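# Secondary and tertiary structure notes
The lines below spell out each chain.
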Amino acid sequence: MTAALTFAPAIKDVLSKPPSDVETLSMYTPNDDISAEIENFINNHHLVRELRANPDLSESRPHMKIPEPLRPHTLTGGILSGPGKIVVPPFSWSEKGGKSLVSVVYLGEDLCGHPGIVHGGLLATLLDEGLARCCFPALPSKIAMTASLNINYRKPAPSGAFVVLRAKTVKVEGRKAWVEGHIETLVGEGEEPQVLVEASALFVEPRHAAVSYALTDKASRTSSH
C-alpha cells in the first residue's frame, strides 16, 4: 500500500502531462566520457541524419517519458540502463499513424548470456517493447498488451555494439495490431547490415482501456483545479 501511494503522484503526472517527444530529446545529458562518446557517435551517424531529415518521422527518447521515481522499477528504462548495459537512452523515430518505427540502441558488455554475446532474452524484450511502441498510435486508445511474440534468432549479437531495431505495423483490426520487426547491426554508409533476430507479434488493446483512460484523465484534470 505504501509503495502504491508513493508512486501515485508520478503515475498521475505522466498521465496528465507527459513530456512531448521533442521534450524527451533534451532530458538526458551524458555524465561520463563513455556515454558522451556513445551519444556523439549516434548523433553523427549517417542513418540518424537521414531519419532526422524525414518529415514523416517523429523523434523521441521513449525511456525519458517514464517518471523518474518509477525508472528503478522498470526493466529496460531503469534496471538494464546505465554503464555497461543500455548505456544511453535509445533514440526512436516513429512514422505517423503507427505505421513504422526505427530505434538506435547501444548494448553494453554487461548484457551477455555468453561472453561477448548479448543475451537472447534481452533482444526479445527490446523487440517486444519496440514492436508494441510501433503500433500504439494505430490503436484507438494508444496502448496495448502483448498477446503473442514469436522470435527467430539469426546471428549472435555482439555486446559493446550499436544495433538498429526496425518495426512495421502490418495489420490493424479494431483493438488488435499485428507487427513485424527485426534487430540489425548499425553499419557504415554503403555497408549492408546483418539481421540478428526477427520477430512478429500480436498486440491487443485492453477492452476497457478507453474508458479507464478517460476516467483517469478526467480525475487528474478535476483534482488540478
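Refer to the structure presented above.
Heads up: these notes are all about the structure in this document. This one's a predicted model, so the numbers in the text were calculated from it and none came from an experiment.

All right, on to the packing of aromatic side chains then. What describes a pair of aromatic rings is the distance from one ring centre to the other and the angle between the planes of the rings. Summed over the entire model, instances satisfying the criterion amount to three aromatic pairs. Three or more aromatic residues link up through ring pairs in this structure, and these residues are Phe 41, Tyr 106 and Phe 162.

The next thing to look at is helix α3 (residues 33–43). Within an α-helix, residues lying three or four positions from one another point in the same direction, as the helix has 3.6 residues per turn. Taken as a whole, α3 has its buried residues at Ser 35, Ile 38, Glu 39 and Ile 42. Projected down its long axis, α3 shows its buried positions confined to an angular sector of 100°, all on one face. For α3, the exposed residues set more than 90 degrees away from the buried face come down to Asp 33 and Glu 37. Where the residues of α3 are buried, they touch α4 (46–52), β2 (91–95), β3 (100–107) and β7 (161–173). At the N-terminal boundary of α3, the capping side chain belongs to Asp 32, with an oxygen 3.0 Å from the backbone nitrogen of Ile 34.

Inspection of the sheet shows β3 paired to β7 by eight bridges, in the antiparallel sense. When the bridges of β7 are listed, Val 102 appears paired with Arg 166. Two elements, β7 and strand β8 (residues 176–185), share 10 bridges in a ladder whose sense is antiparallel. The partner of Ala 167 across the bridge, within β8, is Gly 181. Counting the residues in the hairpin turn of β7 and β8 gives two residues, including Gly 174, whose phi is positive at 60°.

Reading the values: rules and limits
Residues numbered from 1 in each chain as written. Predicted model: local features only at pLDDT ≥ 70, side-chain atom pairs only at ≥ 80, totals over all residues. Heavy atoms only, no water. Phe/Tyr/Trp six-rings, centres within 6.5 Å; stacked < 30°, edge-to-face > 60°. Buried < 20%, exposed > 50% of the residue type's maximum accessible area, 1.4 Å probe, protein only. Helix = DSSP H or I, 4+ residues; strand = E, 2+ residues; numbered from the N terminus. Arc of directions from axis to C-beta. Contact = heavy atoms within 4.5 Å. Polar contact = N/O pair within 3.5 Å; in protein donor to acceptor, adjacent residues only side chain to side chain. Pairing = 2+ DSSP bridges.

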